[in-house]
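# Observations on the model geometry
The residues making up each chain are set out below.
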Amino acid sequence: MNFFDTDFHCHVLPGIDDGAANIEESVKLIEMQMSQGVRNIVATPHYRRHEMSVKKFLERRSAAYDKLKNCGAFEEMPNIMLAAEIALEHNLCDTPDIELLANQQMNTILLEIPYEKYRKWMGEEIEEISYRTKKQIIIAHLDRYIDIFSSADYNDILNIPDAVFQFNTSVFTGWKSRRMIKPFIRDDYPIVFGTDCHNSRYRKPNFDLLHKHLKDYEPNHIVRSLFD
């Protein structure tokens, strides 16, 4: 397991969120990921505290994973790690058993900042979750906010202690987003990548872009420690 074969963020579990609608689509997505060099998949279905309890989410996630395990193609699939893309909300840190939403194999929690202007409470909430769970925090698809976050917003996020920053591999498809990620690479920030794939049509895997654009990249030491 290494930086160049691990998709940290994707929606391949069948029928649990707005990702793969059924087992056929799940298999298709995973086959596409494998063809692009993915050997480890962190399955991160959406979790929103205001919609359901952690217990209910884990039951639904387990049922979706069982569908994969029971399909004929499972034995040929990559290592699939179960986690969640957790929507950041006020007082999320008080959620009972929130640590169970972590990727237990890598000891990480993926948090999704709301798609709105950055507020001070967001960073405070992230820090509190990190402190309480003792998990490595990964902040999801930082490239997605390029049109709504100011430079000051990004500076505040980059100052969140010990956070790892996840970018979607689609960051390499546009000049604006490619320009945005250059300082993260140049200044040795802890970054990881995910396809954030949802389906095989308009939100399909493109992990091959990572190999094309960062083939000589050496990950930050914090990121390397995730694979120890």
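Description of the structure in this document. (Residues numbered from 1 in each chain as written. Predicted model: local features only at pLDDT ≥ 70, side-chain atom pairs only at ≥ 80, totals over all residues. Heavy atoms only, no water.)

## Things to note about the sheet that holds strand S5 (residues 85-87)
Judged by pairing direction, the sheet is parallel, and its 6 strands sit side by side in the order S3-S5-S6-S7-S8-S9 without closing on themselves. Strands at the two margins of the open sheet, each flanked by one partner only, are strand S3 (46-47) and strand S9 (191-194). (Pairing = 2+ DSSP bridges. Helix = DSSP H or I, 4+ residues; strand = E, 2+ residues; numbered from the N terminus.)

## Things to note about the layout of surface pockets
Size it by volume and the largest pocket reaches roughly 240 Å³. Forming the walls of the largest pocket are Ile-146, Phe-149, Ser-150, Ser-151, Tyr-154, Asn-155, Leu-158, Lys-176, Arg-179, Met-180 and Phe-184. Those elements that place two or more of their residues in the lining of the largest pocket are helix H4 (151-158) and helix H5 (175-186). Considering only residue class, the lining of the largest pocket consists of 6 nonpolar, 3 polar and 2 charged. Volume-wise, the second largest pocket comes out at about 160 Å³. Forming the walls of the second largest pocket are Asp-143, Arg-144, Asn-168, Ser-170, Thr-195, Asp-196, Cys-197, Tyr-202, Arg-203, Lys-204 and Asn-206. Looking at the lining of the second largest pocket, its residues break down into 2 nonpolar, 4 polar and 5 charged. (1 Å grid on protein atoms, 1.4 Å probe; cavity = no way out; pocket = protein on both sides within 12 Å on 5 of 7 lines; lining within 4 Å. Points joined across faces, edges and corners; volume = space filled by probe spheres on them. Nonpolar A, V, L, I, M, F, W, Y, C, P; charged D, E, K, R; others polar.)

## Here we look at the pairing of strand S6 (residues 108-112)
Burial of S6 is extensive: 5 of the 5 residues sit out of reach of the surface. The two faces of S6 match: Thr-108, Leu-110 and Glu-112 on one face and Ile-109 and Leu-111 on the other face are all buried. The sheet contact formed by S5 and S6 spans 3 bridges and is parallel. By the bridge assignment for S6, Ile-86 is matched with Leu-111. (Buried < 20%, exposed > 50% of the residue type's maximum accessible area, 1.4 Å probe, protein only.)

## Re empty space enclosed by the protein
Per the counting criterion, the structure on display carries 1 cavity of 30 Å³ or more. One number sums up the size of the largest cavity: a volume of about 60 Å³. In terms of lining residues, the largest cavity is bounded by Phe-8, Val-42, Thr-44, Ala-83, Asn-103, Thr-108, Ile-109, Leu-110 and Ile-138. Counting residues per element, the lining of the largest cavity draws most heavily on S6, at 3 residues.

## Focus on the pattern of salt bridges
In total, this model carries 12 salt bridges according to the counting rule given. A salt bridge links Lys-120 to Glu-124; its shortest N-O distance comes to 3.9 Å. Residue Lys-120 and its partner Glu-124 are both found in helix H3 (residues 120-133); the two are separated by 4 residues, about one turn of the helix. With relative accessibility at 44%, the residue Glu-124 sits in the partly exposed group. One salt bridge in this structure joins Glu-128 and Arg-132, with 2.7 Å as the shortest N-O distance. Here Arg-132 and Glu-128 lie together in helix H3, a separation of 4 residues that amounts to about one turn. The exposure class of Glu-128 is partly exposed, given its relative accessible area of 28%. Looking at Arg-132, the relative accessible area reads 44%, which means it is partly exposed. Connected through shared salt-bridge partners, Asp-94, Glu-128 and Arg-132 make up one network. (Salt bridge = Lys/Arg side-chain N within 4 Å of Asp/Glu carboxyl O.)

## Considerations on the side chain of Asn-103
Examined against the element boundaries, Asn-103 turns out to sit in the loop between S5 and S6. For Asn-103, a relative accessible area of 2% gives the class buried. Beyond its immediate stretch of four places on either side in the chain, Asn-103 contacts Val-42, Met-81, Leu-82, Ala-83 and Thr-108. (Contact = heavy atoms within 4.5 Å.)

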